[in-house]
Amino acid sequence: MELLCSGKQMQEIDRYSIQEMKIPSLVLMERAALAVRDAVLRRWKPGGRIVAVCGSGNNGADGLAAVRLLSQAGCPAEAILAGSEEHETRECRLQREILVNLEIPVHRAAGDAYDKIRGAQILIDAVFGVGLSRNVKGTYARMIEAVNQADGQVVSVDIPSGVSADTGKVLGCAVNAAETVTFGFRKLGQILYPGAGCCGKLTVAEIGFAPVPGTLSEELAYTFVTEDLDGLPQREADSNKGSFGKTAVFAGCKNMAGAAALCGLSAYRAGAGLVRLVTEEENRMILQQLVPEAVMTTLERNRKERIAEALEWATVIVLGPGLGRSEEAGEEVRQVLEYGMKHPEKPVAADADALNLLSENPQWRIKGSGNLILTPHPGELSRLLGRSVEKLKEDFPGAVRDCAEKYGAVVVGKDSRTVVSEAEGPVFVNTSGNSAMAKAGSGDVLCGVIAGLLARGVPARSAAEYGAYVHGLAGDLWVREHGCQGMTAMDLSECLSRLWF
Ligand SMILES: NC(=O)C1=CN([C@@H]2O[C@H](COP(=O)(O)OP(=O)(O)OC[C@H]3O[C@@H](n4cnc5c(N)ncnc54)[C@H](OP(=O)(O)O)[C@@H]3O)[C@@H](O)[C@H]2O)[C@@H](O)CC1
Ligand SMILES: Nc1ncnc2c1ncn2[C@@H]1O[C@H](COP(=O)(O)OP(=O)(O)O)[C@@H](O)[C@H]1O
Ligand SMILES: [K+]
């Protein structure tokens, strides 16, 4: 597991290390600057000039210290001050004074500063770090634009200036870096888009922060690394299909068999022992061909009774893929959710049209008693929350958490970086996967993977997190072998069979 920080959490780790653990601020800063120096030296070619654009906070101070170290390493390096002296932090003033004492050039952000930026082989972006708190304007914005327009390679200190370390939002304008050297932990704003796209190659330098205090470490967001797959239950030798759950998939309205097939197959491929597709009679033939391993309940008559029987049979319930929004689908979703609320021992994963129907029917009081996972993409999340997609993308983890609070569920907010949250506690941010997965049907596969993990006995929250992670790994496996255009959702599902999890 890798911990991820917001900007404020990182500032708290700084404060704790310096004020409570008494690690000198300048020691941390020197190690940060050394890491930046090394990154720049790997790119620098003799004859090229290095220009650092520095703000007046400690990010700027890091940039000034890096200029000193590069100059001492024999490179022509100089600094441009984007901020004003009266706003300088103590460390920033000190680093500037050292440069002046050593007769290393320091310029104001005026006149020929822009020519210097244009002429640099390497630019060090040290305008703002994790302390950026509002939109960038004026000279700062002009400096950032000049850096982006220059031909030189940009190395950002800690985070590209202009990116919110909390949300990845671009606050007015932001640097597009070739490389970002960050300290201690990756920040949420470097993982979430658009910030993630501004970082270029992201390296994490260990600079000697104190261990995170327990109270704070429990609040930090996290992502998975490959070793975390060891946390999943192994398939016991002495088992049979009944050992791995009975998964009922309520999916596929008339002639919408694909979603049901992808979901059911993916549940098997994630380890489910027995899958029942509950669908319309019209889908029977095709589904028997696509998923011959599934048993089937069709709903041509006695709908309510047949749904009730399938619910009684199931230990895991999936609701929604390709279900449509008809009156019948509405009745079905209401019946299944009501049942789920009375049976918390049977987790319900609700996706797609089940989410749309849920947002259209606020009178269905589902909050509280059940064991519910909702898997909305941003459009569905927008409807569930009554908040525009644009607004919720400003703070995607916050929106996912709000949805979890509103519906009393584990929420899987699907996006290029899928976020899993409950009403309280830290969020999980998925870092596997790629844009080949931005295709119809990928979400049906995810829902199936989560169901398969639930059927193996993985608790709801973990099934949601591992589901997103494994789903992304399957997409990554495809792209490594075939490139990023040609994958279909069926290919994605097939890749699940080739992963160890
Ligand atoms: N020893 C340490 O502590 C270590 C710190 N480290 C480094 O410090 C960085 C954090 O430093 P930081 O906290 O000083 O904040 P930073 O990102 O430099 O900028 C904030 C400044 O900008 C200002 N400001 C904000 N928004 C603005 C806007 N839109 N437009 C204009 N101004 C704006 C804000 O002022 P204010 O909001 O108070 O007006 C503040 O003065 C961190 O990323 C890492 O690089 C590492 O070396 C490790 C050791
Ligand atoms: N650019 C991307 N990078 C990583 N994952 C992506 C990307 N685009 C989509 N995905 C993943 O693909 C899935 C798409 O789900 P969804 O939008 O519900 O598709 P559908 O409804 O067509 O099945 C989600 O799990 C999402 O996280
Ligand atoms: K920066």
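Residues numbered from 1 in each chain as written. Chains lettered and ligands numbered in written order. Predicted model: local features only at pLDDT ≥ 70, side-chain atom pairs only at ≥ 80, totals over all residues. Heavy atoms only, no water.

What counts, and what does not: UniProt positions are given in the numbering used here, feature names are shortened, and annotations may be inferred rather than shown by experiment.
The name given to the protein in an unreviewed UniProt entry is Bifunctional NAD(P)H-hydrate repair enzyme, with Cuneatibacter caecimuris as the source organism. The UniProt entry for the protein carries the following comment under Subunit (unreviewed entry): "Homotetramer."

## Regarding the site of ligand 1
Which entries qualify depends on this criterion: Any residue with a heavy atom positioned within 4 Å of a molecule or strand is treated as near that molecule or strand. Pairing of N or O atoms within 3.5 Å defines a polar contact, subject to two protein rules: one partner must be a possible hydrogen donor and the other a possible acceptor, and residues neighboring in sequence count only if both atoms are side-chain atoms. Note that accessible areas follow from Shrake-Rupley with a 1.4 Å probe, and for residues the cover is restricted to the protein chains shown. The distinction between a cavity and a pocket rests on a 1 Å grid over the protein atoms alone: a 1.4 Å probe fits inside a cavity but cannot get out, while a pocket stays open yet meets protein on both sides within 12 Å along at least five of seven lines, and a residue with an atom within 4 Å of a point counts as lining. Placement in a cavity or pocket follows one criterion, namely that more than half of the molecule's atoms lie within 2 Å of its grid points. In this text, helices come from DSSP runs of H or I with a minimum length of four residues, and strands from runs of E with a minimum of two, each type numbered from the N-terminal end. Lys, Arg, Asp and Glu make up the charged group, whereas Ala, Val, Leu, Ile, Met, Phe, Trp, Tyr, Cys and Pro make up the nonpolar group; the residues left over, Gly among them, are polar.
Lining the immediate environment of ligand 1, one finds 24 residues, of which Ser 25, Asp 62, Gly 129, Arg 134 and Asp 158 sit closest. One nitrogen or oxygen atom from the side chain of Ser 25 is found 2.8 Å from a nitrogen atom belonging to ligand 1. One nitrogen or oxygen atom from the main chain of Gly 131 is found 2.9 Å from an oxygen atom belonging to ligand 1. Taking 920 Å² as the accessible area of ligand 1 by itself, protein coverage stands at 80%. The cavity where ligand 1 resides is the largest pocket. Sorting the residues of the shell around ligand 1 by element identifies α1 (7-20), α2 (25-43) and α3 (58-72) as the ones contributing at least two each. Residues belonging to the shell around ligand 1 are distributed by class as follows: 11 nonpolar, nine polar and four charged.

## Details of helix α15 (residues 378-385)
Convention followed: Summary of the burial criterion: residues with accessible area below 20% of their type's maximum are buried, those above 50% are exposed, and those between are partly exposed, where the area comes from a 1.4 Å probe applied to protein chains only. Note on definitions: a residue-residue contact is assigned when non-hydrogen atoms from the two residues lie within 4.5 Å.
Taking burial as the measure, the eight residues of α15 include seven buried ones, the bulk of the element. Every buried residue of α15 is accounted for by Pro 378, Gly 379, Glu 380, Leu 381, Ser 382, Leu 384 and Leu 385. Looking at the buried side of α15, the elements it contacts are α14 (352-360), α16 (389-394) and α17 (396-407). Once α15 ends, the next one or two residues include Gly 386, with phi positive near 65°.

## So, the pairing of strand β13 (residues 295-298)
In plain terms, the rule: Following DSSP output, two strands are said to pair if at least two bridges run between them.
Bridge count for strand β12 (residues 274-279) against β13 is four bridges, and the pairing is parallel. From the neighbouring strand, Leu 277 faces β13, where its bridge partner is Met 296.

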